[in-house]
Amino acid sequence: MEIWINPACSKCRSALHLLDEEGASYTVRRYLEDVPSPDEIREVLGRLGLEPWDITRTQEAAAKELGVKDWPRDAASRDRWIDALAEHPKLIQRPIITADDGTAVVARTDEAVRDALQR
């Protein structure tokens with residue numbers, strides 16, 4: 001299991017705390033320092049069953065500068081979104097846990113973290 005975190009994020013710290021309480025074995029990826037490639041983002045999106053716009057933090061300054069709220073949300077625009085996430089990793093919703101069964105969850109709640117632990 002791997003968890004993508006921003007250490008400054010309270011939701012990330014909460015998820016780590018819960019994983020530790022449950023005695024989970026996991027690897028931490030500080031995705032702002034170890035930036036995922038477009039292919040890694042595609043893989044995680046597949047595991048999540050989501051589209052890139054579903055995990056984009058549209059209120060971040062970079063998102064506003066890029067104008068992502070106005071970008072089309074369709075198959076033709078998918079790579080544009082993925083490239084933006086790779087170039088501006090702060091836009092990636094966090095934390096994301098890749099579970100042992102090949103799935104992933106956006107672990108912003110305790111329930112989502114527990115769901116990942118059960119996979």
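Before reading on, note that the structure itself is shown above.
The paragraphs below set out a description of the structure included in this document. Along each chain, numbering runs from 1 in the same order as the chain's sequence is written. In view of the model being predicted, local features appear only for residues whose pLDDT reaches at least 70, and side-chain atom pairs are presented and counted only at 80 or more, with totals across whole chains, interfaces and linings using the full set of residues. Water and hydrogen atoms play no part in the side-chain values, which are based on all heavy atoms of the structure.

## What about helix H4 (residues 78–87)?
Then step 1. Looking at H4, one finds that the buried residues are Trp81, Ile82, Ala84, Leu85 and Ala86.
Then step 2. Here, residues are in contact when the closest pair of their heavy atoms is within 4.5 Å. In this description a helix means any DSSP run of H or I spanning at least four residues, a strand means any run of E spanning at least two, and both kinds are numbered starting from the N terminus. Tucked into the core, H4 has its buried residues touching helix H2 (38–48) and helix H3 (61–66). Burial classification: accessible surface area is computed with a 1.4 Å probe over protein chains only, and a residue below 20% of its type maximum counts as buried, one above 50% as exposed, and the rest as partly exposed.

## A look at the pattern of salt bridges
Then step 1. Whenever Lys or Arg places a side-chain nitrogen within 4 Å of a carboxyl oxygen from Asp or Glu, that contact is recorded as a salt bridge. For the coordinates displayed, the defined rule picks out eight salt bridges.
Then step 2. Asp34 is the partner of Arg29 in a salt bridge, and the nearest nitrogen-oxygen pair spans 3.4 Å.
Then step 3. Of the residues examined, Arg29 reaches a relative accessible area of 7% and is grouped as buried.
Then step 4. Salt-bridge contacts for Asp39 lead to Arg42; the nearest nitrogen and oxygen are separated by 3.0 Å. One end of the pair is Asp39 and the other is Arg42, both in helix H2 and three residues apart, which spans about a single turn.
Then step 5. Using a relative accessible area of 58% as the deciding quantity, one classes Asp39 as exposed.

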